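# Close look at the chain arrangement
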Amino acid sequence: MIAASFALSIAAGLALGVVYWTGGQPQLEGLFLAIALGGIGTGMVAFAKAYLPEGIVAEPRGRVASTDEEVAAFTADFEQGRAPVRRRAVLVRLLLGAFAALGAALFFPIRSLGPRPGRGLFRTAFAGGVRLVTDDGHPIRPADVPVGGVLTVWPEGAVGAADAPTLLIRVEEPALFDSEVLAGGTVGGLVAYSKLCTHVGCPVGLYQETEHLLLCPCHQSTFDVLRAAQPVFGPATRRLPQLPIAVGPDGFLVAAGDYREPVGPGFWDRP
Ligand code: FES
């Protein structure tokens, strides 16, 4: 029974690995994990019942060293490989095998973390000279955005990219912007900010024209468009990154570079 329990645990551990590797199935994985752990537990309990002494055992304190006869008897037993010793060795190997099979399966979730992001979280498809386009891919001239208007734009060739939605906003006149916004790259009264909320990444979709405030509908974080999109209310603590913009030689709006800071919510190695 002990051997069967450990063998069953090994088989279940391997099966768990196979199911995970071939795409995963939560119910089956749970079943195999239960069998793997249950097999180890059942085997260890049965092992203890079979081989450990039962009841209270008292031994008078006596000498510690073995006599020559005892050493000789043990050596003879060991070298002859008596049945109990052989059986236990097999069982211990099976137990180690069960732990190994289950232990290997425990490494699999590392694969579920997916590929390393590398510098991907610090870059978007925007770069110097890349045209800003609408949802349907049309380039934009500065005059296309009226005063008080707000437009979602993308880098040309990457419409729909998860990290690239950008809000293009026109205010009445550029003098309203503070120096930080102007240094960040504006075109007249046009400014562009990432649309991804720096709290947990919802799209910042509401613009209060009279107050020049952007509002995130998820948890009401509010950003000041005239003050470099600094948060003025709500749980967000970082400003919306500003995209530097310019006018290209053909009169269409282009990015003057990528965002200078990562867009969206914080992550583990963000400076
Ligand atoms: S995601 Fe914008 S406030 Fe929470």
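Our subject in this report is the structure included herewith. (Residues numbered from 1 in each chain as written. Predicted model: local features only at pLDDT ≥ 70, side-chain atom pairs only at ≥ 80, totals over all residues.)

### Remarks on the overall build of the chain
Scanning the chain from N- to C-terminus turns up 6 helices and 11 strands. A compact globule built from 271 residues should have a C-alpha radius of gyration of about 18 Å, whereas the chain, at 34 Å, is more than 25% larger. Each principal axis of the C-alpha atoms in the chain carries an extent, and together these give about 105 × 40 × 30 Å. Burial analysis of the chain (271 residues in total) assigns 28% to the buried set. (Helix = DSSP H or I, 4+ residues; strand = E, 2+ residues; numbered from the N terminus. Rg over C-alpha atoms; globule rule 2.2 N^0.38 Å. Buried ≥ 20, exposed ≤ 12 C-beta atoms within 10 Å, placed from the backbone.)

### Observations concerning the environment of Tyr20
Turning to its location among the elements, Tyr20 is positioned in helix α1 (residues 2-21). With 18 C-beta atoms packed within 10 Å, Tyr20 lands in the partly exposed category. Setting aside its immediate chain neighbours within four residues, Tyr20 contacts Glu29, Ala105 and Phe108. (Contact = placed C-beta atoms within 7 Å.)

### Description of the sheet that holds strand β3 (residues 166-170)
Spatially, the 5 strands line up as an open sheet ordered β1-β2-β3-β4-β9, and their pairing is antiparallel. Of all the strands in the sheet, just β1 (132-133) and β9 (242-243) have a single pairing partner and so form its edges. With 4 bridges joining them, strand β2 (residues 150-155) and β3 adopt antiparallel strand pairing. Along β3, the bridge assignment pairs Val150 with Ile169. (Pairing = 2+ DSSP bridges.)

### Examining the sheet that holds strand β6 (residues 213-215)
Within a sheet, adjacent strands bond to each other through the backbone by hydrogen bonds, running parallel or antiparallel. Pairing in this open sheet of 4 strands is antiparallel, and the strands run β5-β6-β7-β8 from one edge to the other. Each edge of the open sheet carries a strand with a single partner, namely β5 (206-208) and β8 (230-233). The sheet shows a mean angle of 35 degrees between the axes of neighbouring strands, direction not considered. With 3 bridges connecting them, β6 and strand β7 (residues 222-224) associate as antiparallel partners. When the sheet's bridge partners are listed, Leu213 is paired in β7 with Asp224. (Axes fitted to C-alpha atoms, helices over the stretch in contact; angles between N-to-C directions.)

### Some thoughts on helix α3 (residues 68-80)
In a regular helix each residue adds 1.5 Å, so 13 residues correspond to 18 Å; α3 covers 18 Å between its end C-alpha atoms and thus fits that length. Burial within α3 is sparse, with just 0 of its 13 residues counted as buried. (Expected span 1.5 Å × (residues − 1).)

### Thoughts on unusual backbone geometry
The bulk of non-glycine residues show a negative phi, and the bulk of peptide bonds are trans. Not every positive phi belongs to a glycine, and His212 is a case in point at roughly 55 degrees. In this fold, His212 is placed in the loop between β5 and β6. On the neighbour-count criterion, His212 (19 C-beta atoms within 10 Å) is partly exposed. Positioned with a positive phi, Gln220 is a non-glycine residue whose angle comes to about 65 degrees. Locating Gln220 in the fold gives a position in the loop between β6 and β7. You can call Gln220 partly exposed: it has 13 C-beta atoms within 10 Å.

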